[in-house]
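Structural overview
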Amino acid sequence: MARSDEQYRQARERTRESILQAAIAAFSERGVAGASIAEITTRAGVAQGLVNYHFGGKDQLIAAVIDRWFETVLGFARVEGTPDEMLAAVIDGALGATGYATPLERAVLAMQQQPSTHRLFAESEVRHEVRVTAAEDAMRELFRARGAEDPELEEIMFRSTLEGVFVKFAVFGDTYPLEDARRWVYRRYGLPALAAPLAPPVRLRDGQRRPRATGALESGPHPPGGTA
C-alpha cells in the first residue's frame, strides 16, 4: 500500500476515534437525548456530515459507543493463580475501575436502562455473544473450583453485586463507601483480609457514612469521584 494511502487510512481512523470519544463524553454528561450531533462534532472539531460518513447516523454512533464498552469490559486481563487469587483480582479490577468511573461506563450504564437505547444495547450484546458467554463460563468454572453448590447462580449474583456497587457509586459519588464495599465483598467470599486500600476515600457526613446524591449539588457538574 502506498504511503499516501496509509496516511489517509490513519487520518480516517483518527477522525472516527475523535467523533467516538466526543460522543462518549457528551452522552456521559448530557445523556443520549440531550447530546446532539452538532455538539458531538463541535467537541470533535469535525464537520457534522462526518458522523454519517463514519457511522451512518446517531443510532449507529450510539451502537459504536456500546460496542466500545463491551470491547473494554471483555478485554480486561485475566490473572493467573489460585481460585481465590483470581476472584480477588476480578473484584479489585471491577471496583478499582468503579472508583475512577470513566465517561464510557457512565454513558453505557444509562443506555442499558433507557427504553430508547436498550434495544441498541441488546443488539451489541448479540454481536459480542461468544465472548460474553466465554467470560461467564470462566467465572462459573472459578466458582466451581471454589466448591460452589450452584456455580451458575453464584456467577450471576456475583456480577449483580459488583454492578450494583457501580450503580450506587455512579449515583452517590464519593459519599459512597466504595473501599468498605470492597472489604465486604472480600469477606462475603471468604478471601484474605486486605492490606492496602484501592478505592478513593469516602466523604463522610456528620462523621458517618451516608451516601447522598446531593454531593453533585455541592461540587458542581463533574463525574462521581472526580474533580471539577
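Keep in mind that what you see is a predicted model, and the values were worked out from it rather than measured. (Residues numbered from 1 in each chain as written. Predicted model: local features only at pLDDT ≥ 70, side-chain atom pairs only at ≥ 80, totals over all residues. Heavy atoms only, no water.)

The next subject is the packing of helix H4 (residues 58-74) against helix H6 (residues 103-113). At a minimum axis separation of 10 Å, H4 and H6 run at an interaxial angle of 115°. Handedness of the H4/H6 crossing: left-handed. Contacts between H4 and H6 involve Ile62, Val65, Ile66, Arg68, Trp69 and Thr72 from the first element and Leu104, Glu105, Val108, Met111 and Gln112 from the second. Its residues assigned to classes, the contact of H4 with H6 comprises seven nonpolar, two polar and two charged. (Axes fitted to C-alpha atoms, helices over the stretch in contact; angles between N-to-C directions. Helix = DSSP H or I, 4+ residues; strand = E, 2+ residues; numbered from the N terminus. Left-handed = near helix turned anticlockwise from the far one by under 90°. Contact = heavy atoms within 4.5 Å. Nonpolar A, V, L, I, M, F, W, Y, C, P; charged D, E, K, R; others polar.)

Taken as a whole and assessed by the stated rule, the structure comprises six aromatic pairs. Ring geometry for tryptophan 69 and phenylalanine 121: centres 5.8 Å apart, planes at 50°, overall tilted. Here tryptophan 69 is found in helix H4, whereas its partner phenylalanine 121 is found in helix H7 (residues 115-127), with 52 residues between them in sequence. The two residues tryptophan 69 and phenylalanine 121 agree in class, both being buried. Look at phenylalanine 158 and tyrosine 189: their rings are 5.4 Å apart centre to centre, the planes differ by 85°, and that puts the pair in the edge-to-face class. Taken as a pair, phenylalanine 158 in helix H9 (residues 151-172) and tyrosine 189 in the loop between helix H10 (178-188) and helix H11 (215-219) lie far apart in primary sequence, 31 residues in all. In this structure phenylalanine 158 comes out as buried when scored by relative accessible area, which is 3%. We classify tyrosine 189 as buried; its relative accessible area is 8%. Following the ring pairs from residue to residue traces out a cluster consisting of Trp69, Phe70 and Phe121. If you follow arginine 188 out to its NZ or CZ, it ends over the ring of tyrosine 189, 4.8 Å from the centre. (Phe/Tyr/Trp six-rings, centres within 6.5 Å; stacked < 30°, edge-to-face > 60°. Buried < 20%, exposed > 50% of the residue type's maximum accessible area, 1.4 Å probe, protein only. Lys NZ or Arg CZ within 6 Å of the ring centre and 35° of its normal.)

The next subject is the side chain of arginine 182. Structurally, arginine 182 can be placed in helix H10. Residue classification places arginine 182 among the buried residues on the basis of a relative accessible area of 5%. In terms of polar contacts, arginine 182 uses its side chain to reach the side chain of glutamate 179, at 2.8 Å. Leave out the neighbours within four places in its chain, and arginine 182 touches Asp92, Leu95, Leu194, Ala196, Pro197 and Leu198. (Polar contact = N/O pair within 3.5 Å; in protein donor to acceptor, adjacent residues only side chain to side chain.)

What follows is about the pattern of salt bridges. Taken as a whole and assessed by the stated rule, the structure comprises 21 salt bridges. The salt bridge involving aspartate 84 is made with arginine 146; its shortest N-O contact spans 2.8 Å. With aspartate 84 in helix H5 (residues 83-99) and arginine 146 in the loop between helix H8 (129-145) and H9, this residue pair connects regions lying 62 residues apart in the sequence. Take aspartate 84: its relative accessible area is 30%, and that puts it in the partly exposed class. On the accessibility criterion, arginine 146 (28% relative accessible area) is partly exposed. Through salt bridges with shared partners, a single ionic network connects Glu29, Arg30, Glu39 and Arg43. (Salt bridge = Lys/Arg side-chain N within 4 Å of Asp/Glu carboxyl O.)

Close inspection of predicted coordinates is inappropriate for parts of the model with low pLDDT. The predicted model of the protein has a mean per-residue pLDDT of 89, with 92% of residues at 70 or higher. Confidence over residues 220-228 falls short of pLDDT 50; this stretch has eleven contacts with residues more than four positions distant or in other chains. (pLDDT = per-residue confidence, 0-100.)

One non-glycine residue, aspartate 206, lies in the positive phi region at around 55°. Locating aspartate 206 in the fold gives a position in the loop between H10 and H11. Aspartate 206 sits in the exposed class, given a relative accessible area of 74%.

Here we come to the layout of surface pockets. Approximately 1300 Å³ is the volume attributed to the largest pocket. In terms of lining residues, the largest pocket is bounded by 38 residues, among which Val73, Phe76, Ala94, Arg159 and Glu163 are the most central. Contributing elements (two or more residues each) for the lining of the largest pocket: H4, H5, H6, H7, H8 and H9. For the lining of the largest pocket, a count of residues per class yields 26 nonpolar, five polar and seven charged. (1 Å grid on protein atoms, 1.4 Å probe; cavity = no way out; pocket = protein on both sides within 12 Å on 5 of 7 lines; lining within 4 Å. Points joined across faces, edges and corners; volume = space filled by probe spheres on them.)

Attention now goes to the packing of H9 against H10. Think of two packed helices as two axes; the pair is described by the angle between the axes and how far apart they sit. Running from N to C, H9 and H10 cross one another at 170°; their axes reach a closest spacing of 11 Å. In terms of axis orientation, H9 runs roughly antiparallel to H10. On H10, the residues that touch Glu154, Thr161, Val165 and Phe169 of H9 are Leu178, Ala181, Trp184, Val185 and Arg188. Looking at the contact of H9 with H10 residue by residue, the class counts come to six nonpolar, one polar and two charged. (Parallel < 35°, antiparallel > 145°, perpendicular 65-115°, else oblique.)

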